[in-house]
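# Observations on chain architecture
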Amino acid sequence: MEPSQETPEKSHVLAIIFPLQGHLNPAIQLCKRLVAEQIRVTLLTTASTSRTIQREGFSSDCMAIEIIPDINVVGEDNSDMFEVFFRDYKASITHGVPQIIKKYDNTGIPIKAILYDSASPWIVDVAHANGVKGAVFFTQNCAVSSIFYHLHNGSLELPSDQGCGEILLPGLTAMKLKDLPSLAYDTNSYKAIRRHLIDQFETCGKAEWRLFNTFDKLEHEVLKWMARLYPILAIGPSIPSMYIDKRLQNNYEYGLNLSAPKAESCLQWLDNKQDHSVIYVSFGSLANLDQKQMEELAWGLTDSGCSFIWVVRDPEFTKLPQGFTSSPSKKGLILKWCNQLEVLSHRAVGCFLTHCGWNSTLEALSLGVPMVAMPQWTDQTTNAKLVVDVWQTGVRAEIGEDGIVKKEEIVACVKEVMEGDKGNETRRNALKWKDLARDAISKGGSSDRNIMKFVMELVNSN
Ligand code: UDP
């Protein structure tokens, strides 16, 4: 993974990664693939983010980290904390980038391009203003990105009838309103985030490269459609190599964690379980479940009779029902954080009860783990639709009228995925996607070729 001492580095990329775990993980992994191809990568982060980063499992020989000061813009008061964050983040990056680019100008390996997150679409202008190229990285899948393209372009009119009608978009399966990313139709909450998602396409055409964390066979039709608008490169699945193509030695984890507790190992616990007998439950790094939902989940897992590992982050811990953690009959292990790939790749895990964040979904697809989809918001609803109806590697836990997934529903879904004919079919499909994901990122596969194309163009660019 680290560039060999004998082989000179061929080019230099500055990576500006959006400071959320689900954005950081695939971008870091892409950077590791670039480093393996003798591209130097320097990570840029603000001082406030750098204080929350834990670097266990991250080699600084592999990538240097440059820290720039935070700028807090003095402006009109704004009650939208996301709006304030985006404003200050933009000011910090815009101010910090020129100094970093200058710093490397006379080192013999000047920065040639900025790799940036599609959630910060204005970075391409910062890159161009500083004489370097821009490569935008979409951390959501192409289907979800295409829906925000249509919103930006005005080519998606949302039905007003709360969604009985079908929405037909190019390259996508027919969807109901509720299958769209929640921020597509929920125009009242998280306005700043919604605007950013739509704005992704404001500057998309200006970037020299557009990279997507997906692979050709997974989203063939919508990728083909998107490729008619812009040249694009599907480079996924962007997951640690040792779980998929094994070409980057010792690459077992993404390596950088933001505010996450130290990963707890559960391999010994899993080693004592039978094949495909354990449910792994996680709602990612951000989800904030309703207390009632946590209770239904706790008793649903208990009633399933299966062993389970449930990642419950600190802010969620107090929502667990009384007596649940101390109940002697429980067959569960509660962890604050784990190496999710280590768990998903263990032979004992039989299904993943997931919120369908894109990384979790792609990790499960790439490791052949059937899913019970319990989406909460943003792109998760669309990812769940694709898992169930298109890729057919899971079932969806349906929400009751009170907005809660009941424990009986959880038991039924888990049994459907883990047992019987339906379970066998879901597992067969999951294994098919596992093979296709590995083929895509292995040497000569479609995503590997796209990474190599990006590398070649970088190296040959002025
Ligand atoms: N993750 C992890 N340990 C955990 C839970 C999650 O390493 O205990 C990782 C997971 O592998 C994934 C990321 O955190 O790469 C979560 O990203 P995702 O897009 O699934 O969800 P988000 O956190 O953005 O909602």
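Report on the accompanying structure. (Residues numbered from 1 in each chain as written. Predicted model: local features only at pLDDT ≥ 70, side-chain atom pairs only at ≥ 80, totals over all residues. Heavy atoms only, no water.)

Scanning the protein from N- to C-terminus turns up 17 helices and 15 strands. A globule of 462 residues ought to have a C-alpha radius of gyration of about 23 Å, and the protein, at 22 Å, matches this closely. Its C-alpha atoms put the protein at 65 × 55 × 45 Å along the principal axes. Evaluated residue by residue, the protein yields a buried proportion of 56% over its 462 residues. For the protein, the proportion of contacts with a sequence separation of at least 24, taken over those separated by at least 6, is 69%. About 19,500 Å² of surface is accessible on the protein, with carbon and sulfur atoms providing 49% of the total. (Helix = DSSP H or I, 4+ residues; strand = E, 2+ residues; numbered from the N terminus. Rg over C-alpha atoms; globule rule 2.2 N^0.38 Å. Buried < 20%, exposed > 50% of the residue type's maximum accessible area, 1.4 Å probe, protein only. Contact = heavy atoms within 4.5 Å. Areas by Shrake-Rupley, 256 points an atom, 1.4 Å probe, with all protein chains shown as cover.)

In this section: the sheet that holds strand β14 (residues 371–373). Adjacent strands of a sheet pair through backbone hydrogen bonds, lying either parallel or antiparallel. An order of β12-β11-β10-β13-β14-β15 is seen for the 6 strands of this open sheet, with the pairing classed as parallel. On the outer flanks of this sheet lie β12 (332–335) and β15 (394–396), each paired with one strand and no other. Mean inter-strand twist for the sheet, computed between neighbouring axes without regard to direction, equals 15 degrees. Where β14 lies against β15, 3 bridges are found, and the strand directions are parallel. Of the residues in β15, the one forming a bridge with A373 is R396. Contacts from helix α14 (residues 380–390) reach β14 and β15 within the one sheet, and its direction differs from that of β15 by about 130 degrees. (Pairing = 2+ DSSP bridges. Axes fitted to C-alpha atoms, helices over the stretch in contact; angles between N-to-C directions.)

This part covers the site of the ligand. Not every one of the 17 residues close to the ligand is listed here, only the nearest: S285, C338, N359, S360 and E363. In the model, an oxygen atom of the ligand is placed 2.4 Å from a nitrogen or oxygen of the S285 side chain. The separation between an oxygen atom of the ligand and a polar side-chain atom of E363 is 2.6 Å. Within the complex, the protein chains bury 93% of what would otherwise be the 540 Å² of accessible surface of the ligand. Contributing elements (two or more residues each) for the shell around the ligand: α1 (21–36), β10 (278–282) and α13 (358–367). In terms of residue count, α13 provides more of the shell around the ligand than any other element does, 4 residues in total. For the shell around the ligand, the residue count by class is 6 nonpolar, 10 polar and 1 charged. (Near = heavy atom within 4 Å. Polar contact = N/O pair within 3.5 Å; in protein donor to acceptor, adjacent residues only side chain to side chain. Nonpolar A, V, L, I, M, F, W, Y, C, P; charged D, E, K, R; others polar.)

Here we have 7 strands laid out as an open sheet, ordered β4-β2-β1-β5-β6-β7-β8, and parallel in their pairing. With partners counted over all chains shown, the strands left at the sheet margins are β4 (64–68) and β8 (233–234), one partner each.

That is the geometry; function is a separate question.
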